[in-house]
Amino acid sequence: MARKVLNGLGVLEGLVKYPLDVGKGILSKATEALTNKITELFSSGSLDTSMGMQGVYKYLADVAVAVMKKFPGFQVTSGYREGDPYSHGKHNAIDIALPGVVNGSPRYTEAANTH
């Protein structure tokens, strides 16, 4: 996956031998670093899969709580839905929203774009 992302950038197009060799070396190191980071992120084994609020996995409920703490006014509107064949029915989805907001709000954009 890391190799596909970095190769798709096209950063080495048009280079001649020496710069191309240097660029390939840098790209190789970047690919290795990104691969290691992806492996680290997905193989930590410390994911808490116990049940949290609204019948969703605790790690997911914890994310919702953190978002609601950072952006006061958001509330949980839905979690586990028995019989749902998708994420809500598999304890893998929780919805949060601003109560009474029907046609969107700049606060949604703010929350989505904040790191």
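Above: the structure in question.
Participant: With reference to specific residues and values, describe the pattern of salt bridges.
Facilitator: Applying the stated rule across the entire model yields three salt bridges. Its salt-bridge partner being Asp62, residue Lys58 comes within 3.0 Å of it at the nearest N-O pair. Of this pair, Lys58 and Asp62 both sit in helix 3 (residues 58-70), separated by four residues, roughly a single helical turn. Look at Lys58 and you get partly exposed, because its relative accessible area is 30%. Asp62 sits in the partly exposed class, given a relative accessible area of 39%. Asp95 is the partner of Arg81 in a salt bridge, and the nearest nitrogen-oxygen pair spans 2.9 Å. One end of the pair, Arg81, is in the loop between strand 1 (75-78) and strand 2 (95-97); the other, Asp95, is in strand 2, with 14 residues separating them in the sequence. On the basis of relative accessibility, which here comes to 34%, the residue Arg81 falls in the partly exposed class. Given the relative accessible area of 27%, Asp95 is considered partly exposed. When salt bridges with common partners are traced through the structure, they connect Arg81, Asp84 and Asp95 into a single cluster.

Participant: Lay out the environment of Arg107 in plain terms, naming residues and giving numbers.
Facilitator: Here Arg107 lies in helix 4 (residues 106-113). Among the residues examined, Arg107 registers a relative accessible area of 31% and is labelled partly exposed. Spatially, the C-alpha atoms of Arg107 and Phe71 are 8.3 Å apart, while their sequence positions differ by 36 residues.

Participant: Explain the nonpolar core to me, using residue names and the numbers behind them.
Facilitator: Ranked by size, the top nonpolar core spans 10 residues in total: Val56, Leu60, Ala61, Ala64, Met68, Phe71, Phe74, Ile94, Leu98 and Ala111. When residues in this core are grouped by element, the largest group, four residues, is from helix 3. Sequence-distant contacts of Ala64, that is, excluding residues within four places in its chain, are made with Met53, Ile94 and Ile96.

Participant: I'd like a description of the side chain of His88, backed by residues and values.
Facilitator: Within the secondary structure, His88 is located in the loop between strand 1 and strand 2. Once residues within four sequence positions are removed from consideration, His88 is found in contact with Ser78, Gly79, Tyr80, Arg81, Ala93, Ile94 and Asp95.

Participant: Please give an account of helix 3 that cites residues and values.
Facilitator: With 13 residues, helix 3 extends 18 Å from end C-alpha to end C-alpha; this agrees with the ideal 18 Å at 1.5 Å per step. Regarding helix 3, the residues found buried are Leu60, Ala61, Ala64 and Met68. Buried residues of helix 3, viewed axially, fall in a sector of 100°; they line one side. Where helix 3 is buried, its residues contact strand 1 and strand 2.

Definitions and limits used
- Residues numbered from 1 in each chain as written.
- Predicted model: local features only at pLDDT ≥ 70, side-chain atom pairs only at ≥ 80, totals over all residues.
- Heavy atoms only, no water.
- Salt bridge = Lys/Arg side-chain N within 4 Å of Asp/Glu carboxyl O.
- Helix = DSSP H or I, 4+ residues; strand = E, 2+ residues; numbered from the N terminus.
- Buried < 20%, exposed > 50% of the residue type's maximum accessible area, 1.4 Å probe, protein only.
- Core = buried A, V, L, I, M, F, W, Y, C linked by side-chain atoms within 4.5 Å.
- Contact = heavy atoms within 4.5 Å.
- Expected span 1.5 Å × (residues − 1).
- Arc of directions from axis to C-beta.

Geometric descriptors of this kind do not, in isolation, establish any biological role.
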